Amino acid sequence: MSKHLLDFKDIDKKDIEKLIDITGKINPEKTNKIPSISLLKFDEPSTRTRLSFSVAAYRLGIKTFESSDISSAKVKGESLKHEIETYKAMGIESLVVRTKEDNIDEYRGFEDISVISGGFGTSSHPTQAILDATTLDKFNKLEKDLPVIYIGDVKHSRVFESGRQLFASLGKNVGVFTHESFLPDDLTNIEVLNSWDEVLEATEAIELLRVQKERIENLEDSDLNEYIKKYQLTNEILDKSGDDFIALHPMPMNVDIEISEKASLHNKFKYIEQLSFGVPSRIASYMYVMEQYD
Ligand code: CP
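Here's what I pulled together on the structure shown here. Predicted model, so just to flag it, every value in this text is computed and none were measured.

What counts and how
- Residues numbered from 1 in each chain as written.
- Predicted model: local features only at pLDDT ≥ 70, side-chain atom pairs only at ≥ 80, totals over all residues.
- Heavy atoms only, no water.
- Near = heavy atom within 4 Å.
- Polar contact = N/O pair within 3.5 Å; in protein donor to acceptor, adjacent residues only side chain to side chain.
- Areas by Shrake-Rupley, 256 points an atom, 1.4 Å probe, with all protein chains shown as cover.
- Nonpolar A, V, L, I, M, F, W, Y, C, P; charged D, E, K, R; others polar.
- Pairing = 2+ DSSP bridges.
- Helix = DSSP H or I, 4+ residues; strand = E, 2+ residues; numbered from the N terminus.
- Axes fitted to C-alpha atoms, helices over the stretch in contact; angles between N-to-C directions.
- Contact = heavy atoms within 4.5 Å.
- Salt bridge = Lys/Arg side-chain N within 4 Å of Asp/Glu carboxyl O.
- Buried < 20%, exposed > 50% of the residue type's maximum accessible area, 1.4 Å probe, protein only.

1. Comments concerning the site of the ligand
In the region of the ligand, the neighbouring residues are S46, T47, R48, T49, R98, H125, Q128, P250 and M251. The side chain of R98 places a nitrogen or oxygen atom 2.9 Å from an oxygen atom of the ligand. Here a nitrogen atom of the ligand and a backbone polar atom of M251 are 3.0 Å apart. Isolated, the ligand exposes 250 Å² of accessible area, and the fraction of that covered by the protein chains is 92%. Looking at the shell around the ligand, its residues break down into two nonpolar, five polar and two charged.

2. So, the sheet that holds strand β8 (residues 205–208)
Strand-to-strand pairing in sheets goes through backbone hydrogen bonds, with the strands running parallel or antiparallel. Taken in spatial order, the five strands of this open sheet run β7-β6-β5-β8-β9, and their pairing is parallel. The open sheet has two edge strands with one neighbour each: β7 (190–192) and β9 (246–248). Geometrically, the sheet is characterised by an average inter-axis angle of 30° between neighbouring strands, direction not taken into account. Relative to β7, strand β6 (residues 174–177) runs parallel, the two being bridged by three bridges. The residue bridging V174 from the neighbouring strand is I190, located in β7. Lying over the sheet, helix α4 (residues 126–138) contacts β5 (148–151), β8 and β9, oriented at roughly 165° with respect to β9. The sheet contacts of helix α5 (residues 158–170) involve β5, β6, β7 and β8, and relative to β5 the element is tilted by about 170°.

3. What to know about the pattern of salt bridges
A full pass over the atoms with the stated rule returns 18 salt bridges. Here R108 ties to D10 by a salt bridge, and the two come within 3.9 Å at their closest N and O atoms. Separated by 98 residues along the polypeptide, R108 in the loop between β3 (94–99) and β4 (114–120) and D10 in the segment before α1 (13–25) bring together distant segments of the chain. Exposure remark for R108: the relative accessible area of 21% places this residue in the partly exposed category. Put simply, D43 and K41 hold a salt bridge, and the shortest N to O gap is 3.1 Å.

4. As for unusual backbone geometry
The linkage connecting M251 with the following residue, P252, adopts the cis geometry, with an omega of 0°. Residue position: P252 is located in the loop between β9 and α9 (271–275). For M251, which is not a glycine, the phi torsion comes out positive at approximately 70°. Mapped onto the secondary structure, M251 falls in the loop between β9 and α9. The phi dihedral of D256 falls on the positive side, at around 85°, and the residue is not glycine. Within the secondary structure, D256 is located in the loop between β9 and α9.

The quantities given are spatial measurements derived from coordinates; they are silent on function.
Dropping the structure here:
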């Protein structure tokens, strides 16, 4: 049975804790080598995920090749089954996929090749959730009985979907503070907050999410201005927050929309620390699917 890392639905708590532990501790320059071949298939733009998988593979001695739907026979109508059979026949042992499609279930049953989500539609981005959780752990936020609160375009966010699964598995509460048009369809076990004051009262850790203009139909300028007025993270909010308060962002960020320029330079905004776990999170993910944990 091949191991996949598509989301956290079929990964147990022990493995999630191990992924976070490895991400937090591993030195990318001192990893055991895994002689293997991996295909990075990115059908949507990506800087951090695509390059950190490449660098992680390099550190692990895994040879990578890149492909995308634009340059593959998918444009001729080839099925996913035949595409995967072709990869396996070439000796490709793992496949990292970023796609705008929400077809993650089609990948679950593939054998003799491990599939890792590099971001599926609006439903999954597990390696981002692992590095987010590791960052929270480094700032001692995982051990505290406080929710992680997501602010921004939660409805279209695969970072949120994977985050809520991961934190549910760890027994950590999740909240959202956003415009009603950006609320997720499924609010099961999600606390909805109504003001920045409520957010600052409830937690020490927030994750901003990008307002995904490309996924929002008929976005009016007036709606965006209303959003900015009520939900943008500003310097004043960060100054008002407690000393232990931190803000994260998976990036890319829209400065002047979900965060003001001054807030993006504030010392409570920890995106650089978050970025430093990009390669370790992908190393841990390769080790997990290749069963090279110990
Ligand atoms: N956070 C994230 O997924 O960034 P990229 O789109 O650059 O990969």
